[in-house]
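Spelled out from the first residue to the last, the chains are:
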Amino acid sequence: MLSIPKIGLKINKNKLNLFLDLGLLLVFVAEQEMHFTGEHNHELLGVLLGAALIVHIILHWQWVVSITRTFFKKIIHESRFNYLLNLALFVDLFVTIITGIVISRTLGLKLGIDTHAGFPWEQIHILAANLSLLIVALHVAMHWKWIAAHTGKLLPRFRLPGTLRPQPVMNFEQPQHTS
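Overview of the structure. (Residues numbered from 1 in each chain as written. Predicted model: local features only at pLDDT ≥ 70, side-chain atom pairs only at ≥ 80, totals over all residues. Heavy atoms only, no water.)

Bringing the pattern of salt bridges into the picture now. Taken as a whole and assessed by the stated rule, the structure comprises two salt bridges. With its nearest N and O atoms 2.8 Å apart, the salt bridge here joins E39 to R105. Taken together, the residues span a long stretch of sequence, with E39 in helix α3 (residues 39–59) and R105 in the loop between α5 (77–102) and α6 (121–142) at a distance of 66 residues. With a relative accessible area of 28%, E39 lands in the partly exposed category. Put simply, E39, R105 and E122 are held in one network by salt bridges that share partners. (Salt bridge = Lys/Arg side-chain N within 4 Å of Asp/Glu carboxyl O. Helix = DSSP H or I, 4+ residues; strand = E, 2+ residues; numbered from the N terminus. Buried < 20%, exposed > 50% of the residue type's maximum accessible area, 1.4 Å probe, protein only.)

This is the structure we're talking about:
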């Protein structure tokens with residue numbers, strides 16, 4: 001439980017992580033096809049995705065610091081791969097969001113960067129966005145057991161593949177005849 005003492009608010013950290021992660025995934029999927037959202041909403045969702053990613057990183061900061069400190073020491077292989085995958089995802093999404101802001105046509109952000117000076121901002125944005133599909137898929141696959149387990153616990157009516165469902169009790173005994 002995460003608690004905020006001044007307000008007296010207690011937050012279930014797993015529930016917060018689950019809903020934030022599911023929200024991030026839904027926005028990410030919607031972002032992948034600009035024709036689905038339209039250009040203006042695509043750009044707004046990209047900024048929202050960036051803000052939500054910052055919250056996500058803050059919520060997982062202790063893990064980031066812990067693994068960073070022990071990266072070259074003896075730690076299990078999965079944690080090291082997970083760390084590198086998360087780092088690649090962070091860099092890729094950072095590039096995608098920054099290039100998206102630079103090439104934005106509807107947000108009214110004038111950053112003083114000439115997007116027509118021959119630098120391939122749009123191509124980098126598209127390449128990074130396409131690469132993010134692969135990295136996010138690997139990220140979700142790495143965390144699938146956690147996602148499935150917590151979805152089943154926190155949203156009992158919504159079960160994902162990989163969660164155990166209660167099985168009905170079968171009674172195979174023959175009925176006794178009384179005559």
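In an α-helix there are 3.6 residues to a turn, and that puts residues three or four apart on one side. Under the 1.5 Å per step criterion, the end-to-end length of α3 is 30 Å for 21 residues, consistent within 8% with the ideal 30 Å. Turning to α3, its buried residues number three or more, namely H42, E43, G46, L49, G50, A52, L53, H56 and L59. (Expected span 1.5 Å × (residues − 1).)

This part takes up the packing of aromatic side chains. Working definition: an aromatic ring pair is given by the centre-to-centre distance plus the angle between the planes. All told, the structure shown has four aromatic pairs when counted by the stated rule. Seen in terms of ring centroids, F71 and Y83 are 5.2 Å apart; in terms of plane orientation they differ by 45 degrees. Their pairing is tilted. Separated by twelve residues along the polypeptide, F71 in the loop between α4 (61–70) and α5 and Y83 in helix α5 bring together distant segments of the chain. Each member of the pair, F71 together with Y83, is buried. One aromatic cluster is present, built from ring pairs that chain together W63, F71 and Y83. In this structure, R80 is placed above the aromatic ring of F71, and the distance from its NZ or CZ to the ring centre is 5.3 Å. (Phe/Tyr/Trp six-rings, centres within 6.5 Å; stacked < 30°, edge-to-face > 60°. Lys NZ or Arg CZ within 6 Å of the ring centre and 35° of its normal.)

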